[in-house]
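These are the residues of each chain, in order.
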Amino acid sequence: MRTILTALMLFCALVCTNAQTDLKNMTEQEFRKQKQEYLIKELALTQEEAKEFFPLYEKFQKEKKHIYDENQSLMDRADIAGEEEYRQIINRLLDLQIMSDELEKKYYNEFSKILSYRQLFRLNKAEASFQKYLLKEMSRRSSKAK
């Protein structure tokens, strides 16, 4: 029984490692294409909606990434911070959270000119489930390769 559990754990680790390797080898363009296809399906976007939505969505994602990158940089800096620097980092992190919320509100207002409120509501869920989908897809691909 112990041998079976160990083998099962090793297999799961191998699948996860292969999936992560595939993800690392995926170009940004491939990632965006897969995400767009996924969102089109999950939100039931028409061609016209997709044509209008994705340029705006990509702009939103880029702006959101800038906030995320600064957040990560602050978190990395916090490993070697003194008390005063912790205070400054915390204040900036709070500012970044507000900026992120304001950015999301701004873009959701713009998205509402293109998408229905049902589609907007489903967007957050679809973005979260895309990550899970992508990992499953990469696991499936690595299983086929064996």
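No experiment lies behind these values; they were computed from the predicted model shown. (Residues numbered from 1 in each chain as written. Predicted model: local features only at pLDDT ≥ 70, side-chain atom pairs only at ≥ 80, totals over all residues. Heavy atoms only, no water.)

Caption draft 1: How the structure looks around the overall build of the chain. A tally of regular secondary structure across the chain gives five helices and zero strands. Secondary structure of the chain in N-to-C order comes out as α-α-α-α-α. Within the span of the chain, comprising 146 residues, buried residues form 29% of the whole. For the chain, contacts bridging at least 24 residues in sequence account for 70% of all contacts bridging at least 6. (Helix = DSSP H or I, 4+ residues; strand = E, 2+ residues; numbered from the N terminus. Buried < 20%, exposed > 50% of the residue type's maximum accessible area, 1.4 Å probe, protein only. Contact = heavy atoms within 4.5 Å.)

Caption draft 2: Inspection of helix α2 (residues 28-43) at higher detail. With 16 residues, α2 extends 22 Å from end C-alpha to end C-alpha; this agrees with the ideal 22 Å at 1.5 Å per step. For α2, every residue scored as buried is listed here: Gln34, Lys35, Tyr38, Leu39 and Leu43. Projected onto a plane normal to the axis of α2, the buried residues spread over an arc of 145° and lie on a single side. Across from the buried face of α2, at angles greater than 90 degrees, the exposed residues are Gln29, Lys33 and Lys41. Looking one or two residues beyond α2, the residue adopting positive phi is Ala44, at roughly 55°. (Expected span 1.5 Å × (residues − 1). Arc of directions from axis to C-beta.)

Caption draft 3: Spotlight on the packing of helix α3 (residues 47-77) against helix α4 (residues 83-111). Put simply, α3 and α4 touch, their axes get as near as 10 Å, and they point 170° apart. If you check the angle between α3 and α4, you find them roughly antiparallel. A breakdown of the residues in the contact of α3 with α4 according to their chemical character gives 14 nonpolar, two polar and ten charged. (Axes fitted to C-alpha atoms, helices over the stretch in contact; angles between N-to-C directions. Parallel < 35°, antiparallel > 145°, perpendicular 65-115°, else oblique. Nonpolar A, V, L, I, M, F, W, Y, C, P; charged D, E, K, R; others polar.)

Caption draft 4: Representation of the nonpolar core within the structure. Formed by 25 residues in total, the largest nonpolar core has its most connected members in Leu39, Leu45, Phe53, Phe54, Tyr57, Phe111 and Leu123. Those elements that place two or more of their residues in this core are α2, α3, α4 and α5 (117-145). The element that contributes the greatest number of residues to this core is α3, accounting for eight residues. With near-sequence residues (within four places) excluded, Phe53 lies in contact with Leu45, Phe111, Ile114, Leu115 and Leu123. With five residues, the next largest nonpolar core counts Met26, Phe130, Leu134 and Met138 among its residues. (Core = buried A, V, L, I, M, F, W, Y, C linked by side-chain atoms within 4.5 Å.)

Caption draft 5: Structural detail: the side chain of Gln34. Looking at the element boundaries, Gln34 is found in helix α2. Setting aside anything within four residues of it in sequence, one finds Gln34 in contact with Met26, Phe130, Leu134, Met138 and Arg141.

By themselves, these observations are geometric and do not establish any function.
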